[in-house]
Amino acid sequence: WHIMKIYAHYGYNEFVVCLGYKGYVIKEFFADYNLHMSDITFDLAHNTMRVHQNKAEDWTVTLVDTGADTMTGGRVKRIREYVGNEDFFLTYGDGVSDINIAELLAFHKAHGKIATISTVNVPQRFGVIDIDDNSQITRFREKSSEDAHRINGGFMVMNPKLFDYIEGDATMLEREPLERLSNDGELMAYRHDGFWQCMDTQRDKQTLETMLAEGKALWKKW
């Protein structure tokens, strides 16, 4: 929902969600979305419901069962009919960012290649040990941006030609498709140096929820 709100902030409100494990939970969430987002009076005696304020977004959300065991590339392949022949954003469901979606798209259109991935700087989580050529430890120090590595931040733009690079359900997007695109000179990197945080662990979840509760959610532009 937070990721979708990021895109909606830039004017994009048509979504296709690739469902897998417990996809029915997401279906039920959107089926009851108006209930979640509205003030409602239930008249139990007459079995009626009156909506006072509907705060639901102007979104169109297509929920597609892409298989419980399907790999990331296979899931993308299965939504081909819903994407059509236009460029589309492709985003993982586990990371939030203050990335400028408009600038990301402009970068993609400017270079004319098939695929653009956003790259983000991920610093070391722990302290660093410096070791010289003789295996002697020279110092202990705190992590810094110099120790970081760039990874795929998950906010991507794709031309439909991407589908031709995906074989089937067992294909991982990050392996053959992106590797082949790179080999063909069709993969470009958009550098994002702002905020980015994944939610892969309980610790990540607590970090993001604390930021949200304290009004420090840097990804929240709406």
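One can find the structure itself at the top, above this paragraph.
Along every chain, residues carry numbers that run from 1 in the direction the sequence is written. Note on the predicted model: pLDDT of at least 70 is required for a residue's local features to be given, and 80 or more for side-chain atom pairs to be given and counted; whole-chain, interface and lining totals, by contrast, use all residues. Think of the side-chain values as coming from all heavy atoms in the structure, minus any hydrogens and water.

Colleague: Explain the packing of aromatic side chains to me, please; I cannot follow it from the model alone.
Modeller: Aromatic ring pairs: the centre-centre distance and the angle between the two ring planes describe each pair. Between 30 and 60 degrees the pair is tilted, below 30 it is stacked and above 60 it is edge-to-face, where a pair is any two Phe, Tyr or Trp rings, Trp via its six-membered ring, whose centres lie within 6.5 Å. The full count for this structure, using the stated rule, is twelve aromatic pairs. Taken together, a centroid distance of 5.1 Å and an interplanar angle of 55° make the contact between Tyr-7 and Phe-89 tilted. Placement of the pair is Tyr-7 in helix 1 (residues 2-9) and Phe-89 in strand 5 (residues 88-91), with a sequence separation of 82 residues. What links up through ring pairs into an aromatic cluster is the set Phe-15, Phe-29, Phe-30, Tyr-33 and Trp-59. Secondary structure elements are defined from DSSP: runs of H or I of at least 4 residues count as helices, runs of E of at least 2 residues count as strands, and each element is numbered from the N terminus.

Colleague: What is the right way to look at the environment of Val-96 in this model?
Modeller: Within the element layout of this structure, Val-96 appears in strand 6 (residues 95-97). Separated by 59 residues in sequence, Val-96 and Phe-155 place their C-alpha atoms 9.2 Å apart. The contact criterion used throughout is that any non-hydrogen atoms of two residues lie within 4.5 Å. In this view, Val-96 contacts His-2, Ile-3, Ile-6, Phe-195, Trp-196, Gln-197, Leu-208 and Trp-219; residues no more than four positions away in its chain are not counted.

Colleague: Help me understand the environment of Glu-103, please; the structure alone is not making it clear to me.
Modeller: For Glu-103, the position within the fold is in helix 6 (residues 101-111). When accessible area is computed with a 1.4 Å probe and restricted to protein chains, residues below 20% of their type maximum are described as buried, those above 50% as exposed, and intermediate ones as partly exposed. With a relative accessible area of 47%, Glu-103 lands in the partly exposed category. Remark: the alpha-carbon pair of Glu-103 and Tyr-190, spanning 87 residues in sequence, is separated by 9.2 Å.

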